[in-house]
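Below, each chain spelled out in residue letters.
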Amino acid sequence: MDRQATRQKYRDIIDKERPVHVDDHFSSVHPKMDPYERAKIFAPFSALRGLNKALSSRITVPVPDTDISPEREEEINQILHRLSPGDMVEVTIRTKKSQSDNTRTSDNASESYILCEKITGTVARIKLEEGYIRIINERIPLEHIYDIKLSNL
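Presented here is a report on the structure given in the accompanying data block. (Residues numbered from 1 in each chain as written. Predicted model: local features only at pLDDT ≥ 70, side-chain atom pairs only at ≥ 80, totals over all residues. Heavy atoms only, no water.)

1. Topic: the overall build of the chain
- When you go through the chain residue by residue, the secondary structure sums to six helices and six strands.
- For the chain, the succession of helices and strands along the chain, N to C, is α-α-α-α-α-β-α-β-β-β-β-β.
- At a minimum sequence separation of 6, the contacts of the chain that also span at least 24 residues come to 62%.
- Summed over its atoms, the accessible surface of the chain is roughly 11,600 Å², and 52% of this surface lies on carbon and sulfur atoms. (Helix = DSSP H or I, 4+ residues; strand = E, 2+ residues; numbered from the N terminus. Contact = heavy atoms within 4.5 Å. Areas by Shrake-Rupley, 256 points an atom, 1.4 Å probe, with all protein chains shown as cover.)

Rendered as structure tokens:
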């Protein structure tokens, strides 16, 4: 943030006077701070810089709406049954959308597509009987899993 932006953002407090401590040790130990440095104290803090941007820019890719083959479905099922909390996985999830939700143009307006999104993380919970797994803090319904791979990180 440049000086002008800092001044604009904190204009209501940046020119306020510093509290006066007459005849005490405080003023000599804590000299007056530059107003621009002082304004930085009040700036928002983000411990994980860039996390919000990364989360909001998750990549979704439209692909044709095709069913998973029974063989692949069985492979996914076997992987799910072998998983345990703490395993690192890469899961491709899908959400079915109608063509009218898409901004692309097509000759067939009733055509549908799937949005696929890859999530990589640690398995936190597996509830096959309830129909979901949890990767970190994200609950993923089993019917949304398009692909799953164990990661060797």
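2. Let's talk about the environment of L150
- Here L150 is to be found in strand β6 (residues 145–150).
- Distance in space between the C-alpha atoms of L150 and T120 is 9.6 Å, their sequence separation being 30 residues.
- Residues contacting L150, with those up to four places away along its chain left out, are R82, L83, D87, M88 and V89.

3. Considering the packing of aromatic side chains
- Under the defined criterion, the tally for this structure stands at zero aromatic pairs.
- One Lys or Arg, R139, reaches over the ring of Y132 and ends 3.7 Å from the middle of that ring. (Phe/Tyr/Trp six-rings, centres within 6.5 Å; stacked < 30°, edge-to-face > 60°. Lys NZ or Arg CZ within 6 Å of the ring centre and 35° of its normal.)

4. Observations regarding a nonpolar patch on the surface
- A cluster of nonpolar side chains, namely M33, I41 and F42, defines an oily patch on the protein surface of about 310 Å² accessible area.
- Mapped onto the fold, F42 is located in the loop between α4 (35–41) and α5 (51–56).
- Judged by its relative accessible area of 47%, F42 is partly exposed. (Patch = residues over 30% accessible without salt bridge, like charges linked within 9 Å, V, L, I, M, F, W, Y side chains within 5 Å. Salt bridge = Lys/Arg side-chain N within 4 Å of Asp/Glu carboxyl O. Buried < 20%, exposed > 50% of the residue type's maximum accessible area, 1.4 Å probe, protein only.)

5. Describing the pattern of salt bridges
- By the definition in use, this model includes four salt bridges.
- Of the charged contacts in the structure, one is a salt bridge between R72 and E75, with a shortest N-O distance of 2.6 Å. Linking R72 with E75, this pair stays in helix α6 (residues 70–82), spanning three residues, or about one helical turn.
- Given a relative accessible area of 22%, R72 falls into the partly exposed group.
- Under the relative-accessibility criterion, E75 is labelled partly exposed at 40%.
- The shortest N-O distance in the salt bridge between D147 and K149 comes to 3.8 Å.
- In this structure D147 comes out as buried when scored by relative accessible area, which is 16%.

The quantities given are spatial measurements derived from coordinates; they are silent on function.
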